[in-house]
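In case you want the letters, here they are:
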Amino acid sequence: TAESVVSVWSRAGDYLGSTSVKGEAKSLSMSSAPRELLAVGTNAKSVVLLSVPDLEEVAVLEHGGDVLSVSFSPDGRLLAAGGGTDDMHGLMTKKAMSGHQMKTVVWRVPADG
């Protein structure tokens, strides 16, 4: 199974560290409130939540399709992920085809982890 390396730098340009996630990273989103988290959407049909700056894995959230977009709500309490693929045609361009659908999932992110 392929892996991707995710690296993080501070705003000042200081290297904070790197970690690996299962699958190919397709999308990233950062939340600073109520705690600093990095969401990594992958083609392994999941979103990996990492704490920042230590890059510890907080959770792996199952999606059911390639995660092509992730975004935290402005208050950091919700995380939305969207995507999906059609093995024959790549990125889906229609919302519904026989047996294939795009999918959006929204998770609640607890303030304490």
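Sequence order as written defines the numbering, with residues in each chain counted from 1. It should be noted that, the model being predicted, local features are given only for residues of pLDDT at least 70 and side-chain atom pairs only at 80 or more, the latter also being counted only at that level, while totals for whole chains, interfaces and linings use all residues. Calculated side-chain values reflect all of the structure's heavy atoms, with hydrogen atoms and water omitted.

**Considerations on the overall build of the protein chain**
Helical segments are the DSSP runs of H or I of at least four residues, strand segments are the runs of E of at least two, and each set is numbered from the N terminus. A count of helices and strands for the protein chain gives zero helices and 13 strands. Listed by position from the N terminus, the elements making up the protein chain come as β-β-β-β-β-β-β-β-β-β-β-β-β. For the exposure calls, accessible area comes from a 1.4 Å probe over protein chains only, and a residue counts as buried if that area is under 20% of its type's maximum, exposed if over 50%, partly exposed in between. Counting the 113 residues in the protein chain, one finds 37% classified as buried. All accessible-area figures derive from a Shrake-Rupley calculation using a 1.4 Å probe, and residue coverage is judged against the displayed protein chains alone. Accessible surface, the protein chain as shown: approximately 6900 Å² in total, 49% of it carbon and sulfur.

**Looking at the sheet that holds strand β6 (residues 57-62)**
In space, the four strands of this open sheet follow the order β3-β4-β5-β6, with antiparallel pairing throughout. Two strands bound the open sheet, and with one partner strand each, they are β3 (25-31) and β6. Going across the sheet, the axis of each strand differs from the next one's by a mean of 20°, ignoring polarity. In short, DSSP must find at least two bridges between two strands for them to pair. Inter-axis angles, ranging from 0 to 180 degrees, are taken between N-to-C directions of lines fitted to C-alpha atoms, where helices are fitted over the stretch in contact.

**Some points on the environment of G17**
Looking at the secondary structure, you find G17 in strand β2 (residues 15-22). The spatial distance from the C-alpha of G17 to the C-alpha of S7 is 5.7 Å, given a sequence separation of ten residues. Should any heavy atoms of two residues lie within 4.5 Å, those residues are counted as being in contact. Not counting residues within four places of it along the chain, the set of residues in contact with G17 comprises V6, S7, V8 and L55.

**Some words on the sheet that holds strand β13 (residues 103-108)**
Strand order in the open sheet formed by three strands is β7-β8-β13, with antiparallel pairing between adjacent strands. In this open sheet, the two strands that pair with only one neighbour each are β7 (67-72) and β13. Along the sheet, successive strands turn relative to each other by an average axial angle of 15°, direction set aside. As paired strands, β7 and strand β8 (residues 78-83) are joined by five bridges and run antiparallel to one another. Each bridged residue has a counterpart across the sheet, and for S71 the counterpart in β8 is A80.

**Looking at the pattern of salt bridges**
Each reported salt bridge corresponds to a side-chain nitrogen of Lys or Arg within 4 Å of a carboxyl oxygen of Asp or Glu. One pass over the full model with this rule turns up one salt bridge. Of the charged contacts in the structure, one is a salt bridge between E24 and K26, with a shortest N-O distance of 3.1 Å.

**With respect to the packing of aromatic side chains**
Centres within 6.5 Å make a pair out of two Phe, Tyr or Trp rings, where for Trp the six-membered ring is used; the pair is then stacked when the planes are under 30 degrees apart, edge-to-face when over 60, and tilted otherwise. Across all of its chains, the model carries one aromatic pair by this definition. Ring geometry for W9 and Y15: centres 5.6 Å apart, planes at 65°, overall edge-to-face.

**Notes on the pairing of strand β1 (residues 3-9)**
On β1, burial follows the alternation: S4, V6 and V8 on one face are buried, whereas E3, V5, S7 and W9 on the facing-out side are not. In terms of strand pairing, β1 meets β2 through seven bridges, oriented antiparallel. Counterpart to S4 in the pairing with β2 is V21. Between β1 and β2, which pair antiparallel one after the other, the connecting turn spans five residues, and G13 there sits at a positive phi close to 95°.

**Topic: unusual backbone geometry**
Residue P53 is bonded to the preceding V52 through a cis peptide linkage, with omega at 15°. Looking at the secondary structure, you find P53 in the loop between β5 (46-51) and β6. Here K45, not a glycine, exhibits a phi torsion of approximately 60°, which is positive. With respect to the helices, strands and loops of the structure, K45 is situated in the loop between β4 (37-42) and β5. The phi dihedral of L55 is positive, around 60°, even though this residue is not glycine. Among the secondary structure elements, L55 is positioned in the loop between β5 and β6. Under the relative-accessibility criterion, L55 is labelled buried at 6%.

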